[in-house]
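Tertiary structure, described
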Amino acid sequence: MDSPSKSADAEIDRAEGVAALDRAIAILDAFSTEDRSLSLAEIAARTGLYKSTILRLANSLLRGRLLERLDNGRYRVGPATFRLGALYQRSVVAVDILLPIMRDLSERSWESVAFYVRSGDVRTCLYRVESKHPIRYTIREGDVLPLLLGSGGRVLAAFSGQQGEPYETIRKTCNCLAVGDRDPETGGVSAPVFGPGGVLLGALTLAGPSTRVDAAFLQRMKRPLLEAAARATRAFGEDASMLEQASLAADALP
């Protein structure tokens, strides 16, 4: 059993550790979206911390790549913050934004709805809502598919800058309809979903067996799909006017 003095020392260590963490968070919170970098004096002024304290904590943040020191001695947020932001974004996508929209689209169409993200030269199914039909398009969350085949992959490629056709047209219409492209027995239609700053988050895809989900059916589902993509984009805080305009024009497009 620990002696009273050892227990007290442990409590002090824990308290100091929490205080150090709080101060490190304060340093990161000192940066606003308008700041490309901050000087040591600016961080001190915004946090109320001593410069010596900031320098000590900055070393830990630098090692964790949460902070970077520039050649001129100024500081900026580090690349590890981007990874944390991406992890947060994905967790919010599933629970708060995409899944309810995907379920609504699946209810309306009675077909499977998936959300794909680009991973280098391939795409990954991040989320999926199953069709109500016993015979359906079988893709599972976590499955990896080609980037340049299938409507979802082509949308991701188009809005990642792929040149030539059909990518130029996909960028103009904000959707891709494909039957038998990746799989001869599958048809699908996809649209992009964007986040803050117009960043491409992924592709929303409605798909099913081509015996049921043919070109005529997919043409009818273009507008609901684009409306769903616009709804998701707005929920992420981005302007969805491009997708809204595309949804209005979808009925007249082949």
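Look up: the structure comes first, before these words.
Model, not experiment: these values are computed from the prediction. Each chain has its residues counted from 1, following the order in which its sequence is written. Where local features are concerned, this predicted model is filtered to residues with pLDDT of at least 70; where side-chain atom pairs are given and counted, the filter is 80 or more; whole-chain, interface and lining totals use all residues. Water and hydrogen atoms play no part in the side-chain values, which are based on all heavy atoms of the structure.

The next thing to look at is the packing of helix α2 (residues 40-47) against helix α3 (residues 51-63). Interhelical geometry of α2 versus α3 gives an angle of 110° and a closest axis separation of 10 Å. As far as their axial angle goes, α3 and α2 are roughly perpendicular. Contact residues: Leu40, Ala41, Ile43, Ala44 and Thr47 in α2; Lys51, Ile54 and Leu55 in α3. Note on method: axes are straight lines fitted to C-alpha atoms, helices fitted across the in-contact stretch only, with angles between N-to-C directions ranging 0 to 180 degrees. A run of DSSP states H or I qualifies as a helix once it reaches four residues; a run of E qualifies as a strand once it reaches two. Both are numbered from the N-terminal end. Here the word oblique covers every angle except those under 35 degrees (roughly parallel), over 145 (roughly antiparallel) and from 65 to 115 (roughly perpendicular). By definition in these notes, contact holds between two residues if any of their heavy atoms fall within 4.5 Å.

Basic side-chain nitrogens of Lys or Arg form a salt bridge, by our definition, when they fall within 4 Å of a carboxyl oxygen of Asp or Glu. Counted by the stated rule, this structure contains eight salt bridges. Taking the shortest distance from any N to any O, the salt bridge between Arg171 and Glu168 comes out at 3.0 Å. In this pair, Arg171 and Glu168 both sit in helix α6 (residues 167-173), three residues apart, roughly one turn of the helix. Using a relative accessible area of 22% as the deciding quantity, one classes Arg171 as partly exposed. Relative accessible area decides the class of each residue, using a 1.4 Å probe on protein chains only: under 20% of the type maximum gives buried, over 50% gives exposed, and in between gives partly exposed. On the basis of relative accessible area, Glu168 is assigned to the partly exposed category, the value being 28%.

Below, the discussion takes up the packing of aromatic side chains. Put simply, two rings from Phe, Tyr or Trp (the six-membered ring, in Trp's case) pair if the centres are within 6.5 Å, and we call them stacked under 30 degrees between planes, edge-to-face over 60, tilted for the rest. Tallied over the entire structure, the rule returns two aromatic pairs. Seen from their ring centres, Phe115 and Tyr127 are 6.3 Å apart, and the 25° between their planes marks the pair as stacked. With Phe115 in strand β3 (residues 112-119) and Tyr127 in strand β4 (residues 122-129), this pair connects stretches of sequence that are twelve residues apart. Relative accessible area serves as the criterion here: at 2%, Phe115 is assigned to the buried category. When its relative accessible area of 10% is taken as the criterion, Tyr127 is described as buried. Judged by centre distance (5.5 Å) and plane angle (75°), the ring pair of Phe159 and Phe194 falls under edge-to-face. Of this pair, Phe159 sits in the loop between α5 (151-158) and α6 while Phe194 is found in strand β7 (residues 186-195), placing the two residues 35 residues apart along the sequence. Both residues of the pair, Phe159 and Phe194, belong to the buried class. Note on criteria: charge over ring means Lys NZ or Arg CZ within 6 Å of the ring centre, with the direction from the centre no more than 35 degrees off the ring normal. The side chain of Arg123 reaches across the aromatic face of Tyr116, ending 4.6 Å from its centre.

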